[in-house]
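Understanding the architecture of this molecule
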Amino acid sequence: MSRKNPKKKKKKIPAKGKNRLQLTAATSDKHDLYEHSVQDTQAECDFIDQVWKERRKRLAQHVREDFCGTAATSCEWIKRREDNTAIGVDFDPAVLKCAHERIAKRLDEKQIKQLTILQDDVLTVKTKKVESVLAMNFSYYIFKTRALLGKYFKRVRSSLVDDGIFILDAYGGSDSFVELEEDRKVKGFTYVWDQHFYDPITGDVTNYIHFRFPDGSAMNKAFEYHWRLWTLPELRELLEEVGFNNVTIYWEGTDEDGDGDGEFTPKTVGEACEGWIAYIVAEK
Ligand SMILES: C[S@@+](CC[C@H](N)C(=O)[O-])C[C@H]1O[C@@H](n2cnc3c(N)ncnc32)[C@H](O)[C@@H]1O
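1. Remarks on the side chain of K284
With respect to the helices, strands and loops of the structure, K284 is situated in the segment after β12 (276–283). There is no salt bridge for the buried K284, and the closest opposite charge comes from D162, which lies 4.6 Å off by N-O distance. Looking at K284, its side chain comes within polar contact range of the main-chain oxygen of L160, at 2.7 Å. Setting aside residues up to four positions removed in sequence, K284 forms contacts with K129, R157, S158, L160, V161, D162, G164, F244 and N245.

2. A look at the nonpolar core
Grouped together as the largest cluster of nonpolar side chains are 58 residues, with contacts concentrated most on Y140, Y152, F153, F166, F211, F244 and I280. Of the residues that make up this core, three or more belong to each of domain 1 (36–172 + 230–283) and domain 2 (174–227). Beyond its immediate sequence surroundings of up to four residues, I280 is in contact with Y140, F166, I167, L168, A170, L232, L235, L239, V247, T248 and I249. Core analysis: the next-biggest nonpolar cluster, separate from the first, contains 28 residues, C45, V51, L96 and A99 among them.

3. Considering the domain arrangement of the protein chain
Often, the extent of an interface is quoted as the loss of accessible area upon association of its parts. Segmenting the protein chain into domains produces domain 1 (36–172 + 230–283) and domain 2 (174–227). Spacing between the C-alpha centres of domain 1 and domain 2 amounts to 22 Å. Of the residues lining the interface, 13 residues belong to domain 1; the matching set on domain 2 comes to 16 residues. Note on domain 1 versus domain 2: buried area summed over both sides is about 1100 Å², and carbon and sulfur give 59% of it. Together, S37, K144 and Y171 form the three largest contributors to the area buried by domain 1 at its contact with domain 2, with a combined 46%. Inspection of the domain 1/domain 2 interface yields one salt bridge. For D204, the salt bridge goes to K144, with nearest N and O atoms at 3.4 Å. Remark: the boundary between domain 1 and domain 2 carries six residue pairs in polar contact (both at pLDDT 80 or more). Of all the secondary structure elements, the ones that give two or more residues to the side of domain 1 that touches domain 2 are α1 (30–37) and β5 (160–172).

4. Some points on the environment of S159
Turning to its location among the elements, S159 is positioned in the loop between α6 (146–158) and β5. The class of S159 is buried, set by a relative accessible area of 6%. With 33 residues separating them along the chain, S159 and K126 place their C-alpha atoms 7.6 Å apart. In this view, S159 contacts R64, T127, K128, K129, V130 and V133; residues no more than four positions away in its chain are not counted. Here the side chain of S159 touches R64 through a polar contact of 3.1 Å, side chain to side chain.

5. Description of the pattern of salt bridges
All chains considered together, the criterion is met by 18 salt bridges. We note a salt bridge from D66 to R64, for which the minimum N-O separation is 2.7 Å. Where E234 meets R228, a salt bridge forms, and the shortest distance between an N and an O atom there is 3.0 Å. Take E234: its relative accessible area is 25%, and that puts it in the partly exposed class. A single network of salt bridges, built from pairs that share partners, joins D29, D32, E35, R102 and R106.

6. Topic: the sheet that holds strand β11 (residues 260–267)
What holds strands together in a sheet is hydrogen bonding between their backbones, with the strands either parallel or antiparallel. One open sheet accounts for eight strands, arranged β3-β2-β1-β4-β5-β12-β10-β11; its pairing is mixed. At either end of the open sheet lies a strand with only one pairing partner, and these are β3 (115–119) and β11. Adjacent strand axes in the sheet meet at a mean angle of 20 degrees when their direction is disregarded. Here strand β4 (residues 130–135) pairs with β5 via five bridges, running parallel. If you follow V133 over to β5, its bridge partner there is F166. Seen against the sheet, helix α7 (residues 232–241) touches β5, β10 (245–254) and β12 and runs at an angle of roughly 155 degrees to β10.

7. Observations regarding the site of the ligand
Taken together, 19 residues are adjacent to the ligand, and Y34, F67, D90, V122 and N137 come closest. Note that an oxygen atom of the ligand is positioned 2.6 Å from one of the side-chain N or O atoms of D90. Within the side chain of D121, one N or O atom sits 3.0 Å away from a nitrogen atom of the ligand. Protein contacts shield 89% of the accessible area of the ligand, which totals 600 Å² for the unbound molecule. Grouping the amino acids of the shell around the ligand by side-chain chemistry returns 10 nonpolar, four polar and five charged.

8. Examining the environment of L134
Here L134 lies in strand β4. Given a relative accessible area of 2%, L134 falls into the buried group. Placed 22 residues apart in sequence, L134 and V156 show a C-alpha to C-alpha distance of 9.3 Å. Excluding residues that lie within four positions of it along the chain, L134 makes contacts with I48, V63, R64, E65, D66, T73 and I167.

Rules used in this analysis
- Residues numbered from 1 in each chain as written.
- Predicted model: local features only at pLDDT ≥ 70, side-chain atom pairs only at ≥ 80, totals over all residues.
- Heavy atoms only, no water.
- Helix = DSSP H or I, 4+ residues; strand = E, 2+ residues; numbered from the N terminus.
- Buried < 20%, exposed > 50% of the residue type's maximum accessible area, 1.4 Å probe, protein only.
- Lys, Arg positive; Asp, Glu negative; His and termini not counted.
- Salt bridge = Lys/Arg side-chain N within 4 Å of Asp/Glu carboxyl O.
- Polar contact = N/O pair within 3.5 Å; in protein donor to acceptor, adjacent residues only side chain to side chain.
- Contact = heavy atoms within 4.5 Å.
- Core = buried A, V, L, I, M, F, W, Y, C linked by side-chain atoms within 4.5 Å.
- Domains from an automatic or database assignment.
- Buried area = accessible area lost by both parts, 1.4 Å probe.
- Pairing = 2+ DSSP bridges.
- Axes fitted to C-alpha atoms, helices over the stretch in contact; angles between N-to-C directions.
- Near = heavy atom within 4 Å.
- Areas by Shrake-Rupley, 256 points an atom, 1.4 Å probe, with all protein chains shown as cover.
- Nonpolar A, V, L, I, M, F, W, Y, C, P; charged D, E, K, R; others polar.

Structural data, given as structure tokens:
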């Protein structure tokens, strides 16, 4: 039985020399903590490459990162190959301000021109067609009805080139329906995933991310998510209903300790584990 924390990754905050200041709630930026404890942009971009090689026998160049937040994945995508481009879409001006600060540090002048950041709603945004749209870290769970999620999926489909591929992730497992808190040590702080509320009638969940620090300080509810906990068959049916083809679940393999091994392969039968993360790949 494998158990994979919904918010995926395990990277460490790099130590800046021996005398690195100890992190505290007051001196930390919540977006830095999020990037270091949750996101694995390299793994995400590796997965895009894997999918394009497997399905189209080539690599993609132009992607759109929906719900881009600090646009970390877009930056990684652009740094990956010199002709890559990305469009990041997020409707929150505050997070986009942080995105622009990071972009200026992460990309050079040429690379910055390859990135377009749009402050817009993914339900209505109009962009040039891209090869892949990405919806990562379950951000689309914010759409709680079939009507709204279907509308989003339709808009994504129309934003893709003819052989385009939509890539999104999902989480689930028996523990995802349970109110629980679990923490993970990251270098310099502790990341806490708080599944605070679950309503079995609506499928609504409220999840929080808290950060705790060695000095006893804490950043409570640094991030909060009011989502519907969608299941894979529901998502797959809806993607097919709006016209996507070859909707495939990429299931994570398991290492000898029973933890996720970061390798995702197409599967038609999953595993009744307590917690899982999967990618969904849907072709236009
Ligand atoms: C969970 S964060 C995702 C951050 C990052 N992309 C990741 O993969 O971890 C969700 C982001 O989605 C944005 N968001 C939520 N609903 C949106 C919508 N309808 N249109 C655009 N952005 C939206 C929020 O502002 C927030 O920055």
